Amino acid sequence: MKTGIIPILPLRSRRSASGPFRSDRRSSGRGRLLALLALGLAALPSAPLRAQTAPAEPAGQPEAAVPAPGEPWTLEACIRYAQQHNTEVQQRALEVERNDIELSTARYSRLPDLNASLGGDASFGRALTSDNTYRDNNQTSGSLNVSASMPLFQGMRINHQIKAGKLDLAAAVQDLERIREDVAINVMTLYLQVLYYKELVGVSRRQLELSTLQAERSRGLAAEGKEPESAVYESEALAANDRMTLTQTRNELQLALLDLSQALNRESAAGFDVVFPELDSLTIETLHRTAGSVDAVYAYAAENRPHIKAERLRLGSSEHAVDIARSALYPSLSLSGGYGTGVYSADDSKFWAQIRHNSREYVGLSLGIPIFNRRASRNNVRTAKIAVRNQQLAVTAAEQALRKEIEQAWYYADAAYAKYLSAAAALASAEVAFRYEEQKAAAGRSTVFDFSDAKTRMEKAASEAVQAKYEFVFRAKILDYYRGKPLRL
């Protein structure tokens, strides 16, 4: 039986080494679907696995409800669980926290700094006394100093650092959303792969039922002398082959469930199963009617896709980086002040009296004027401007790539729907031909070879119809991804 697979992750070598991949028909069907859907994934923005757009979850948020043991998982439950347990999502969340801390540092740099110090020393021989003279004696002394300083003007550097920090934080949040989207798409694709194999198991089971029924019919006809004994053996061989095909398809289903379970980072795949939604012809037609237009999809995606928004935010941050570099060309003004005192063992005054009469206070303004630093500051400005132009190109490239991806996704979805209609029509014709051949076989007017040929054609048409259906569902959901719709079945 011809089969295919809905791909998102590379297939493990253990699959390619044995089982259904040894059948040329099965591997060719799988290869075609693998190539077709890989093109769809290649059209998505290149990056690690990303997730469906959703608000960033704050640290410590309770986990989403997990289905009870033995209860099948919905697509929504799989996506939520994967987004909460995916390590790349967690790493991106840490990046958001890091950018938030850097923004906080930039904001607090406007405040004064305050420092204090305590010191003590012992001297032997000639020592400095409180009246600033040297005397031959042993002496101990202590000191206390408190100082503060505050920037008054630094060429607007702090303001631009804060603005750039806000944009960097917003870009980090969009990067987190992009990762979450990719995780959702990965989970959806593996989920569709499981549904695909579930339907193939049904197709294989029905084929086995037909071949088993034919074997029983052949034994009855042979007992009546209407068919040779060889027809019985051939019918039983056909049933045995269908039984092996069913076993192989069930194995592929278990491996597809394992792939999905591992993508969710579950501890074990034991007892894991998914909800099988109804994807009838009416549902497929609804998906096709809601596809929209290329321009409408692009208009929404260009304004809302996280990776586009992140590139634009980085462009704004790079523009502020130019102003930060330019601030080094301006004078800087800072205010400082402090208090200090000391005590000396050679002084006969009491401790607190020494603290009072040895105290000193100061306040001052410091103005720094850059005159010449070997053109380092101006070259930093020029370098920052180059970074702005480079980021402008990055934004343009991202928008152009998005337009190309959406156009490809649109036409792939349209072609997949046409293929689905053709496959459904071919299946209907193959079923009519098989029913006619089955009636002939029941009347003893058909050979095993004719029956097997008609059954094989119907089996192939059924497999291709299932493949075409899930290929279209995948393409339609990719368009939903670009429109920002939740990934649901």
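The structure this text deals with has already been given above.
These lines cover the structure that appears in this document, whether it is placed above or below. (Residues numbered from 1 in each chain as written. Predicted model: local features only at pLDDT ≥ 70, side-chain atom pairs only at ≥ 80, totals over all residues. Heavy atoms only, no water.)

Examining the overall build of the chain
On a plain count of helices and strands, the chain comes out with 12 helices and six strands. Within the span of the chain, comprising 489 residues, buried residues form 42% of the whole. Within the chain, contacts between residues separated by at least 24 positions form 82% of all contacts whose residues are at least 6 apart in sequence. For the chain, the exposed surface amounts to about 25,400 Å²; the carbon and sulfur share of it is 55%. (Helix = DSSP H or I, 4+ residues; strand = E, 2+ residues; numbered from the N terminus. Buried < 20%, exposed > 50% of the residue type's maximum accessible area, 1.4 Å probe, protein only. Contact = heavy atoms within 4.5 Å. Areas by Shrake-Rupley, 256 points an atom, 1.4 Å probe, with all protein chains shown as cover.)

Regarding the packing of aromatic side chains
Taken as a whole and judged by the stated rule, the model has nine aromatic pairs. Taking the centre distance of 5.3 Å and the plane angle of 55 degrees together, the rings of phenylalanine 434 and phenylalanine 451 count as tilted. Within this pair, whereas phenylalanine 434 is found in helix H11 (residues 376-442), its partner phenylalanine 451 is found in helix H12 (residues 448-483), the two being separated by 17 residues in sequence. The buried category is assigned to phenylalanine 451, whose relative accessible area is 1%. Taken together, Trp73, Tyr81 and Phe272 form an aromatic cluster joined through their ring pairs. Its guanidinium or amino end placed over the ring of tyrosine 481, arginine 305 lies 4.8 Å from that ring's centre, counting from NZ or CZ. Across from the ring centre of tyrosine 298, 5.1 Å away, lies the NZ or CZ of arginine 403, which sits over that ring. (Phe/Tyr/Trp six-rings, centres within 6.5 Å; stacked < 30°, edge-to-face > 60°. Lys NZ or Arg CZ within 6 Å of the ring centre and 35° of its normal.)

Concerning the packing of helix H4 (residues 87-108) against helix H5 (residues 157-223)
The description of two helices packed together rests on the angle between their axes and the distance between the axes. Where H4 meets H5, the closest approach of the two axes is 9 Å, and the angle between their N-to-C directions is 170 degrees. In terms of orientation, H4 lies roughly antiparallel with respect to H5. Its residues placed into classes, the contact of H4 with H5 shows 13 nonpolar, three polar and nine charged. (Axes fitted to C-alpha atoms, helices over the stretch in contact; angles between N-to-C directions. Parallel < 35°, antiparallel > 145°, perpendicular 65-115°, else oblique. Nonpolar A, V, L, I, M, F, W, Y, C, P; charged D, E, K, R; others polar.)

Overview of the layout of surface pockets
Empty space within the second largest pocket amounts to approximately 300 Å³. Lining the second largest pocket are 14 residues, and of these Arg206, Leu427, Ala462, Ala465 and Val466 lie nearest its centre. Every element with two or more residues in the lining of the second largest pocket is listed here: H5, H11 and H12. Partitioned by chemical class, the residues of the lining of the second largest pocket number nine nonpolar, one polar and four charged. (1 Å grid on protein atoms, 1.4 Å probe; cavity = no way out; pocket = protein on both sides within 12 Å on 5 of 7 lines; lining within 4 Å. Points joined across faces, edges and corners; volume = space filled by probe spheres on them.)

Topic: the environment of aspartate 273
Tracing the backbone through its elements, the reader meets aspartate 273 in the loop between helix H6 (229-263) and helix H7 (281-289). Residue classification places aspartate 273 among the partly exposed residues on the basis of a relative accessible area of 28%. Sequence separation between aspartate 273 and glutamate 71 is 202 residues; the distance between their C-alpha atoms is 7.4 Å. With sequence-adjacent residues up to four places away left out, aspartate 273 is seen in contact with Pro72, Trp73, Lys198 and Leu257. Within polar-contact distance, the side chain of aspartate 273 engages the side chain of lysine 198 at 3.1 Å. (Polar contact = N/O pair within 3.5 Å; in protein donor to acceptor, adjacent residues only side chain to side chain.)

Quick word on the pairing of strand E5 (residues 332-344)
Relative to E5, strand E4 (residues 139-153) runs antiparallel, the two sharing 12 bridges. By the bridge assignment, alanine 148 is partnered in E5 with glycine 337. As paired elements, E5 and strand E6 (residues 360-368) share nine bridges and run antiparallel to each other. From the neighbouring strand, glycine 338 faces E6, where its bridge partner is tyrosine 362. (Pairing = 2+ DSSP bridges.)

Overview of the sheet that holds strand E1 (residues 113-123)
Taken in spatial order, the four strands line up as E1-E4-E5-E6 in an open sheet, and their pairing is antiparallel. Both outer strands of the open sheet, E1 and E6, are each paired with one neighbouring strand and no more. Going across the sheet, the axis of each strand differs from the next one's by a mean of 20 degrees, ignoring polarity. Here E1 runs beside E4; their pairing, made up of 11 bridges, is antiparallel. The partner of asparagine 115 across the bridge, within E4, is serine 147.

Remarks on the nonpolar core
Grouped together as the largest cluster of nonpolar side chains are 85 residues, with contacts concentrated most on Val187, Leu260 and Leu264. Contributions of two or more residues to this core are made by helix H3 (75-85), H4, H5, H6, H7, helix H8 (294-304), H11 and H12. Looking at this core element by element, the count peaks at 23 residues for H5. Residues contacting valine 187, with those up to four places away along its chain left out, are Leu75, Cys78, Ile79, Ala82, Leu260 and Leu264. Judged by nonpolar contacts, the second largest core, of seven residues, contains Val322, Ala325, Val381 and Val388. (Core = buried A, V, L, I, M, F, W, Y, C linked by side-chain atoms within 4.5 Å.)

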